[in-house]
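# Close look at the chain arrangement
These are the residues of each chain, in order.
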Amino acid sequence: MDGKIISIQVAIIGGGPAGIEAASILSRYGVQVSLFEGESKWAHNIGNKFKLFPDFSSADELVQTLSQKIVENQIPAYLSTKIVALEKQKNAWVLTDEQGRSYVADTVLLATGYDIFDAKRKEELGYGIYNGVMTSVDLEAMLKTGKITNVLGEQPQCVTFLQCVGSRDEKIGNHYCSKVCCVTAVKQAIEVKKMSPQTDVFVFYMDLRMWGQGFEELYREAQEKYSIRFVRGRISEAASTFDDRVQIKAEDTLVGQPLKMSTDLLVLMVGMEASCGTKKLAACCGIDGEYGFALSKQPHLADNQTAQRGLFVAGACKRPMSISDAINDARAAATEIVEYLKIVPANKK
Amino acid sequence: MDFGFTISKPRSIEPTEAGKEQLRLLEEQVPTFRRCMNCGGCTATCSAGHFINFNIRKVHNLYRWGQYKELDEELQKCMLCGKCTLVCPRGVNLRSLIIHLRKALNKDHLSNDFQHFIRNNNR
Ligand SMILES: Cc1cc2nc3c(=O)[nH]c(=O)nc-3n(C[C@H](O)[C@H](O)[C@H](O)COP(=O)(O)OP(=O)(O)OC[C@H]3O[C@@H](n4cnc5c(N)ncnc54)[C@H](O)[C@@H]3O)c2cc1C
Ligand code: SF4
Ligand code: SF4
Ligand code: SF4
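Residues numbered from 1 in each chain as written. Chains lettered and ligands numbered in written order. Predicted model: local features only at pLDDT ≥ 70, side-chain atom pairs only at ≥ 80, totals over all residues. Heavy atoms only, no water.

On to the interface of chain B and chain A, then. Opposite the 24 residues of chain B that make contact, chain A presents 20 residues. Carbon and sulfur atoms make up 46% of the area that chain B and chain A hide from each other, which totals about 2100 Å². Seen at the junction of chain B and chain A, the total is five salt bridges. Between Lys20(B) and Asp200(A) there is a salt bridge; the shortest N-O distance is 3.3 Å. Viewed at the interface, chain A and chain B are joined by 12 residue pairs in polar contact (both at pLDDT 80 or more). Among the secondary structure elements, those contributing two or more residues to the side of chain B that touches chain A are helix H1 (17-29) and helix H3 (56-64) of chain B. Here the side of chain B that touches chain A is composed, by residue class, of eight nonpolar, four polar and 12 charged. (Contact = heavy atoms within 4.5 Å. Buried area = accessible area lost by both parts, 1.4 Å probe. Salt bridge = Lys/Arg side-chain N within 4 Å of Asp/Glu carboxyl O. Polar contact = N/O pair within 3.5 Å; in protein donor to acceptor, adjacent residues only side chain to side chain. Helix = DSSP H or I, 4+ residues; strand = E, 2+ residues; numbered from the N terminus. Nonpolar A, V, L, I, M, F, W, Y, C, P; charged D, E, K, R; others polar.)

The next thing to look at is empty space enclosed by the protein. For the structure on display, the rule yields six cavities of 30 Å³ or more. As a volume, the largest cavity reaches approximately 190 Å³. As for the largest cavity, its lining consists of 19 residues, of which Arg229(A), Phe230(A), Cys36(B), Asn38(B) and Arg64(B) are closest to the centre. Those elements that provide at least two residues to the lining of the largest cavity are helix H6 (215-224) and strand S13 (229-232) of chain A together with H3 of chain B. Of the residues forming the lining of the largest cavity, the biggest block, four residues, is contributed by S13(A). Of the residues that constitute the lining of the largest cavity, the class distribution is nine nonpolar, four polar and six charged. (1 Å grid on protein atoms, 1.4 Å probe; cavity = no way out; pocket = protein on both sides within 12 Å on 5 of 7 lines; lining within 4 Å. Points joined across faces, edges and corners; volume = space filled by probe spheres on them.)

For the rest of this paragraph, the subject is the packing of aromatic side chains. Applying the stated criterion across every chain, the model contains 11 aromatic pairs over all chains. Ring geometry for Trp211(A) and Phe215(A): centres 4.9 Å apart, planes at 75°, overall edge-to-face. Under the relative-accessibility criterion, Trp211(A) is labelled partly exposed at 36%. Of the aromatic side chains, those joined through ring pairs into one cluster are Phe36(A), Tyr78(A) and Tyr103(A). Above the face of the Trp211(A) ring, Lys179(A) is positioned so that its terminal group lies 4.4 Å from the ring centre. Lying over the aromatic face of Trp65(B), Arg229(A) brings its terminal NZ or CZ to 4.4 Å of the ring centre. (Phe/Tyr/Trp six-rings, centres within 6.5 Å; stacked < 30°, edge-to-face > 60°. Buried < 20%, exposed > 50% of the residue type's maximum accessible area, 1.4 Å probe, protein only. Lys NZ or Arg CZ within 6 Å of the ring centre and 35° of its normal.)

Let us look at the packing of H1(B) against helix H6 (residues 94-105) of chain B. All names here are of chain B. Packing of H1 against H6 brings their axes to within 10 Å, and their N-to-C directions diverge by 140°. You can see that H1 and H6 cross each other, and the crossing is right-handed. On H6, the residues that touch Gln-22, Leu-26 and Gln-29 of H1 are Leu-97, His-100, Leu-101 and Ala-104. Counted by class, the contact of H1 with H6 contains four nonpolar, three polar and no charged residues. (Axes fitted to C-alpha atoms, helices over the stretch in contact; angles between N-to-C directions. Left-handed = near helix turned anticlockwise from the far one by under 90°.)

Here the focus is the pattern of salt bridges. In this structure the tally under the stated criterion is 29 salt bridges over all chains. Among the salt bridges present, the one from Lys179(A) reaches Asp325(A), with a minimum N-O distance of 3.1 Å. Taken together, the residues span a long stretch of sequence, with Lys179(A) in the loop between strand S11 (158-165) and helix H5 (181-195) and Asp325(A) in helix H8 (residues 323-343) at a distance of 146 residues. The class for Asp325(A) is partly exposed, based on a relative accessible area of 24%. Within this structure, Asp200(A), Glu17(B), Lys20(B), Glu21(B) and Arg24(B) form a network of salt bridges that share partners.

By themselves these figures say nothing about function.
The structure is reproduced here in structure tokens:
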């Protein structure tokens, strides 16, 4: 790269499932693509999980399969290359990375995905203050160790999940639903019960959104087979007890009574927000939509196109979505890009 | 009877281990109870509830939390007609549940007939 400007047909920003899938499809169509990922690993937003809904398949295996696609298709792919600026110059897009290197591309696919909500912003829930409070992503790391423990390293008596942390909450400015956390809580609750059958598991919810195939059945199984308790009500306060457990306050809105109980672990189901990269790059080229997510041209027929010619979007940079949603969306984007490259002669883009 | 809301008495639910144990027992006796998703279908169709203030869904929820106060009297309002069982979308055997609840809450309330029913309807 030594200072030269690299010229590319299609630049794909973001090496998550969406970016990798689009890159591999496009390269199989004979399109010359380059893939840029800001982190040092591919699909780190998958690699930090243990097992995935809906089928409890291994997250590490999915990352491996995706990485393999990059190798098999010999895609020029750059890790630790965060793109910090994107602008249209004449008929090309100019990308600039953190090190100041520039790349010129005919076409760009934005696949910069999401970051989790910073749970510290909900101070009343005590994340970063009380040892027993963790996020759903922290719990994935614990599940990877194969053992569920409380802060003393013992088997927990009780694990409690709280839905909608950082989503559906005017107080932090996110009115939307993050879509994946309801089923993730059901999945994680089952995993906790499998690893620690003696533990009481509670899930506090406002609505349970079991939108996908098999999700409702999984919820039913969580109740029937694992005795997981689903309580309708939002935990609005957490405090520490003398023995380093977490005391929570909620209302069981279905009996109309306030509730006070202590739990070893309180797991916050953090929502999906537009990633820093998504916010920044979408704003750079005027396609920033609500909450900083990237805005497509039209939701039904042009959901991968944007207001800018030659700039496409795919995956969770647009809105919260699951992996299969993101991968399907990336395939759709690849089709759009192939069409676009066909109808726009090389000298007129 | 005043069932439900009072202003003067604080009624914060604080689950106890004993209460959890009671629930575990009940769930073993009536495993379908675990599947309840609180839709309220049972209450809506309840024969007794059409004439008097009686909310069967709320009763079994209070039991879940170990809130037994006045529950046995409340349960006497049920006529064991079984309509609730017929409508439940999650297949909860409410009739059996109610009988087991009565039994757990106050054995004196059970006639021989009911005890026979329990023996023959263990699920
Ligand atoms: C707790 C939790 C559990 C989940 N569990 C599941 C599950 O079990 N099953 C499921 O289907 N889905 C699950 N999801 C959702 C899943 O993580 C997403 O659907 C998926 O990661 C979206 O893929 P993506 O490629 O669109 O975005 P991402 O995976 O976020 O990938 C985007 C990539 O772009 C990179 N990037 C961002 N900005 C830049 C930049 N400026 N330059 C270069 N690179 C950049 C990022 O580093 C990132 O690697 C879960 C989500 C959460 C929060
Ligand atoms: S998916 Fe469920 S937990 Fe997540 S924001 Fe939506 S309702 Fe809340
Ligand atoms: S009808 Fe069934 S699922 Fe609905 S509240 Fe009653 S017992 Fe629960
Ligand atoms: S069995 Fe009892 S609770 Fe069920 S509908 Fe009849 S009276 Fe109501």
